[in-house]
Amino acid sequence: MSNARLKIVKRAVHEIKDGMNVNLGIGIPTLIANEIPSDYNVLLQSESGLLGIGPYPLEGEEDPDLINAGKETVTAIPGASFFDSAEAFAMIRGGHLDLTILGGMEVSEKGDLANWMIPGKKANGMGGAMDLVSGAKRVVVVMEHVNKKGEPKVKKECSLPLTGKEVVSRLITDLAVFDFSSEGMILKEIAEEVTIDELKKKTEANFSISPDLKTF
Amino acid sequence: MSNARLKIVKRAVHEIKDGMNVNLGIGIPTLIANEIPSDYNVLLQSESGLLGIGPYPLEGEEDPDLINAGKETVTAIPGASFFDSAEAFAMIRGGHLDLTILGGMEVSEKGDLANWMIPGKKANGMGGAMDLVSGAKRVVVVMEHVNKKGEPKVKKECSLPLTGKEVVSRLITDLAVFDFSSEGMILKEIAEEVTIDELKKKTEANFSISPDLKTF
Amino acid sequence: MTKGKIMTSIDEAIHDITDGATIIVGGFGLVGIPELLIQGLRNKGVKNLTLVSNTCGVDDWGVGLLISNRQVKKVIASYAGENKTAEELFFNGEMEIELSPQGTLIERIRAGGAGIPAFYTATGVGTLVAKGKEHKEFDGKTYILERGITGDFAFVKAWKADPLGNLVFRKTARNFNPLAAMAGKITIAEVEEIVEIGELDPDQIHTPSIYVQRIVLGDSSLKRIERRKVRQV
Amino acid sequence: MTKGKIMTSIDEAIHDITDGATIIVGGFGLVGIPELLIQGLRNKGVKNLTLVSNTCGVDDWGVGLLISNRQVKKVIASYAGENKTAEELFFNGEMEIELSPQGTLIERIRAGGAGIPAFYTATGVGTLVAKGKEHKEFDGKTYILERGITGDFAFVKAWKADPLGNLVFRKTARNFNPLAAMAGKITIAEVEEIVEIGELDPDQIHTPSIYVQRIVLGDSSLKRIERRKVRQV
């Protein structure tokens, strides 16, 4: 894992509280699972029809009928349940998930999220991402602050097709933590090694700074 | 059972073909179950969440958790399944039942059915009847031809609140069998002991007579 | 045993239910009703409740207990036929009854739990049920718009539970219960038996734990039979 | 064993599928797919199919087999990302892909099976998915109207069946299958094992027999794993 990703993962795990039902998206979010304190009773939900995802199986113990939403072989913890996809999404759409943590391509200052499509490049598809952002009680997006070319991914307006409009509660990048509300985008935390000037240069979106700004 | 009811039951059972999934309403329709040929594979469905209703239990073998839609203790046959009420009505609304046979208070010449409410008399409720008439592939109504005062129950227009509009496929009374289509109401069968004149006197609705009229 | 969501008493399970609450109650007639939770609520005496229930129970059992005790402002049900007090209060104007066809009612509850605010159905078109509702044609057939239902609380009755809140129901006692569980902001399950975490086969859980906030052991329920029918040998 | 709905071969099970048919196919990626039915359909060669499926499979497996073989006119799916041929055909205009959010797609299939022509959901509001769809406010929030889906056929994969057509699924191989079973005019189940009538616990049947018209034993399926992940000891 890159340092940036590691920083994101270490910060993002604090979003998860004991007793929560959580859906972790594909990519960086999946890595967060390993960091959840072992004394927490957290149930991880998967669109594939599982509440209570366990660790990856041991070699030779893979079950072709048991996968997560990323189609990776997984296990189920004691107390887990399996269900069909209509039930999986009744949970999601019905607001029963306390939290979903998803990866992002772009986030706008209004809390719009784009994470499913690059026009003309791939057919792909949104999978369950649109359902998650419109249904979960709390939507946290994790992504690297800038793209590979060093360009801002936190923008005034998303240039890519949206996954959801005004759906992000919190954005966690390797440089900062932002919250979104009707008053706009607020910087809540900034990475220890980063100055506000530097952050502003790497952020296209306008944001205000929380009076009790913290570092992480 | 009265002779009229017995005649209705004996005729109505011929609506049920081998292999069908059938919902029998409360009252006369429930009595039809006993008449189904024993070599038929017919599954009786209940709104209470059971496909494969068996006979009433033996004394002492009643299970308080096992009832039909009329809340009577029943049994389940081998191959039966239990399910929740949303599934029970997905079957009904989704057109998966081959047939429902329901009791009636009034039927109109257009195939409207009234069987759930007498205004000002009882609060009652429609239960699952409205779902059954709008969802089942075929709706057969069974009722006595006239009420206790000798007045016609097969009418030009129903005077009681409707259960469903233009929903009846076939009406079976102690005197006659009628089919309903866009061309109106057609007499298909008449009871052996009844003349057409007598039937017309006891029927308010207008009906045509099938060229291949049979007796039963 | 892990405590998990297990409450020590019926009173603890319902401690925060106040006047005016909307409660979705599982059961079909008297089968699969959370009878101890209902009795607890009767004893608690909270008023002006809105109940969502398949039936109005009977005069002295099921949700009928709450109706007879004048705790109910409104019932949304598909059938009120076995409860004379409910009928009386309705005709006196002391209690409102909103009748919804059974299949529509249970789908409205599921929709509420599944985040669907409204759906179209052909059930009730051309009847009193369609009055005042939006009509729309799809592929040449007319349907009416019905709204999803959620409750401040849901009372459900299950056969087995584990401390996480996974539920298994028995025979036709399942009925409205799994759907009610989905639609309650706080869902309270009265259960006949509590087993250890991991004892329930994860392929055979009817209600996943996410829908259940509280569990209370109710092994003293009576399971009254509404219509005992037997056959001769 | 009673014959019931059991077919003697895959070919018999799919004998009446013709060009232009709409087929709803169960599965999540490559898990829980009716792989022998799909292969049978590939061999049969019928064309201009409309497929409703969670994904487009991969190039050489799952519904991808039918796509690669140019038998498909249109796919309704939530994800097409693992199939390069599907992307190519889509960009060439040789095949239509209608993308539907996964939760919306499965609810549309359930709705079709449950006789609900349309429902409202917040999923996709403000995105490409909402384009051209009816918008409506309920309690101050905006929703879009989505239509139910039915199929001429549904292909499902189950773990166990009895000759009546009762089905039990295993782990996350359940996924779209029970819903697809509801929405097919003719539902064909490929199953790993057929047991005697009465062997399945009636409380534990996932798909009641009423939804299944044909059963075919498919005990030679490969169950290919799409992403094998293991942990170190």
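As recorded by an unreviewed UniProt entry, chain C carries the name Succinyl-CoA--3-ketoacid-CoA transferase and is attributed to Vulcanibacillus modesticaldus. Regarding chain C, the UniProt comment filed under Sequence similarities (unreviewed entry) reads as follows: "Belongs to the 3-oxoacid CoA-transferase subunit A family."

In the annotation of an unreviewed UniProt entry, chain A is listed under the name Probable succinyl-CoA:3-ketoacid coenzyme A transferase subunit B and assigned to Vulcanibacillus modesticaldus. Under the Sequence similarities (unreviewed entry) heading, UniProt states for chain A: "Belongs to the 3-oxoacid CoA-transferase subunit B family."

(A) Quick look at the overall build of chain C. Regarding its fold elements, chain C presents six helices and 11 strands. Against the compact-globule benchmark of 17 Å for 233 residues, chain C has a radius of gyration of 18 Å, which places it among compact chains. Overall, the C-alpha framework of chain C stretches about 55 × 50 × 40 Å when taken along its three principal axes. Counting over 233 residues, chain C shows a buried share of 62%. Put simply, of all contacts in chain C between residues at least 6 apart along the chain, 71% involve residues at least 24 apart. Counting only carbon and sulfur atoms, one obtains 47% of the accessible surface of chain C, whose full area is about 8200 Å².

(B) Representation of the overall build of chain A within the structure. Scanning chain A for helices and strands turns up five helices and 13 strands. Principal-axis analysis of the C-alpha atoms places the extent of chain A at approximately 50 × 40 × 30 Å. Taking all 216 residues of chain A together, 62% fall into the buried category. Partitioning the intrachain contacts of chain A with sequence separation of at least 6 by distance along the chain shows that 61% fall at a separation of at least 24. Within the structure as shown, chain A displays about 8500 Å² of accessible surface, and the carbon and sulfur contribution to it stands at 49%. Of the charged side chains in chain A, 24 are positive and 32 negative, and the gap between their average positions amounts to 7 Å.

(C) Spatial organisation of the interface of chain A and chain D. In this complex, chain A contributes 47 residues to the contact, which on the side of chain D involves 52 residues. Of the roughly 4100 Å² buried between chain A and chain D, counting both surfaces, carbon and sulfur atoms make up 61%. The tally of links between chain A and chain D comes to five salt bridges. Those elements giving two or more residues to the side of chain A that touches chain D turn out to be α3 (85–93) and α4 (129–135) of chain A. In terms of residue class, the side of chain A that touches chain D is made up of 20 nonpolar, 14 polar and 13 charged.

(D) Structural context of the pairing of strand β4 (residues 96–99) of chain D. All names here are of chain D. Looking at chain direction, strand β3 (residues 72–77) and β4 are connected through four bridges and run parallel. Across the sheet, residue valine 75 finds its bridge partner in β4, namely isoleucine 97. Once the chain exits β3 it traverses helix α4 (residues 84–91) before rejoining the sheet at β4, and the crossover so formed is right-handed.

(E) Molecular detail of helix α4 (residues 84–91) of chain C. What α4(C) keeps buried is the set C:Thr85, C:Ala86, C:Glu87 and C:Leu89. A positive backbone phi angle near 80° is found at C:Gly93, which sits one or two residues after α4(C).

(F) Here's a closer look at the interface of chain C and chain A. Counting residues at the interface gives 18 residues for chain C, matched by 17 residues for chain A. Summing the contributions of chain C and of chain A, the shared interface buries around 1400 Å²; its carbon and sulfur component is 60%. When the buried area of chain C at its contact with chain A is split by residue, C:Pro202, C:Ile210 and C:Tyr211 rank highest and sum to 37% of it. If you look at where chain C meets chain A, you find seven residue pairs in polar contact (both at pLDDT 80 or more). Class assignment of the residues belonging to the side of chain C that touches chain A gives a composition of 10 nonpolar, five polar and three charged.

(G) Region of the structure containing the packing of α3(A) against helix α5 (residues 102–113) of chain D. Running from N to C, α3(A) and α5(D) point in directions that differ by 125°, and their axes come no closer than 9 Å. Relative to α5(D), α3(A) is oriented oblique. Where α3(A) crosses over α5(D), the two elements pack in a sense that is left-handed. The segment α3(A) lies against α5(D), with A:Ser85, A:Ala86, A:Phe89 and A:Arg93 engaging D:Gln102, D:Gly103, D:Thr104, D:Ile106, D:Glu107 and D:Arg110.

(H) The arrangement of the pattern of salt bridges in detail. According to the stated counting rule, one finds 64 salt bridges over all chains in the structure shown. For A:Lys137, the salt bridge identified is with A:Asp98, shortest N-O distance 3.5 Å. Placement of the pair is A:Lys137 in the loop between α4 and β8 (139–142) and A:Asp98 in the loop between α3 and β5 (99–103), with a sequence separation of 39 residues. The closest approach of N and O atoms between B:Glu15 and B:Arg138, which form a salt bridge, is 3.0 Å. Of this pair, B:Glu15 sits in the loop between α1 (3–12) and β1 (21–24) while B:Arg138 sits in the loop between α4 (129–135) and β8 (139–142), and the two are 123 residues apart along the sequence. Assessed through its relative accessible area of 6%, B:Glu15 is described here as buried. A relative accessible area of 26% means that B:Arg138 is categorised as partly exposed.

(I) Region of interest: the sheet that holds strand β9 (residues 154–155) of chain B. All names here are of chain B. Read from one edge of the open sheet, three strands run β7-β6-β9, paired in mixed fashion. In this open sheet, the two strands that pair with only one neighbour each are β7 (113–114) and β9. Judged from the two bridges that link them, strand β6 (residues 106–108) and β7 form a sheet pairing that is antiparallel. Across the sheet, glutamate 106 pairs through a bridge with alanine 114, a residue of β7.

(J) Fine view of the side chain of D:Thr121. Its place among the elements puts D:Thr121 in strand β5 (residues 118–121). A distance of 3.1 Å separates the side chain of D:Thr121 from the backbone nitrogen of D:Thr123, its partner in a polar contact.

(K) Just the packing of aromatic side chains, in detail. A complete count under the given rule lists nine aromatic pairs over all chains for this structure. Clustering of aromatic rings is evident, with ring pairs tying together C:Tyr120, C:Phe138, C:Tyr143, D:Tyr120, D:Phe138 and D:Tyr143. Between the NZ or CZ atom of B:Lys7 and the centre of the ring of B:Phe216, over which it lies, the distance is 4.9 Å. Positioned above the aromatic ring of C:Trp159 is the side chain of C:Lys160, whose terminal nitrogen or guanidinium carbon lies 4.6 Å from the ring centre.

About the cut-offs
- Residues numbered from 1 in each chain as written.
- Chains lettered and ligands numbered in written order.
- Predicted model: local features only at pLDDT ≥ 70, side-chain atom pairs only at ≥ 80, totals over all residues.
- Heavy atoms only, no water.
- UniProt positions renumbered as here; feature names shortened; annotations may be inferred.
- Helix = DSSP H or I, 4+ residues; strand = E, 2+ residues; numbered from the N terminus.
- Rg over C-alpha atoms; globule rule 2.2 N^0.38 Å.
- Buried < 20%, exposed > 50% of the residue type's maximum accessible area, 1.4 Å probe, protein only.
- Contact = heavy atoms within 4.5 Å.
- Areas by Shrake-Rupley, 256 points an atom, 1.4 Å probe, with all protein chains shown as cover.
- Lys, Arg positive; Asp, Glu negative; His and termini not counted.
- Charge placed at Lys NZ, Arg CZ, Asp CG, Glu CD.
- Buried area = accessible area lost by both parts, 1.4 Å probe.
- Salt bridge = Lys/Arg side-chain N within 4 Å of Asp/Glu carboxyl O.
- Nonpolar A, V, L, I, M, F, W, Y, C, P; charged D, E, K, R; others polar.
- Pairing = 2+ DSSP bridges.
- Right-handed = clockwise from strand over helix to strand, strands pointing away.
- Polar contact = N/O pair within 3.5 Å; in protein donor to acceptor, adjacent residues only side chain to side chain.
- Axes fitted to C-alpha atoms, helices over the stretch in contact; angles between N-to-C directions.
- Parallel < 35°, antiparallel > 145°, perpendicular 65-115°, else oblique.
- Left-handed = near helix turned anticlockwise from the far one by under 90°.
- Phe/Tyr/Trp six-rings, centres within 6.5 Å; stacked < 30°, edge-to-face > 60°.
- Lys NZ or Arg CZ within 6 Å of the ring centre and 35° of its normal.

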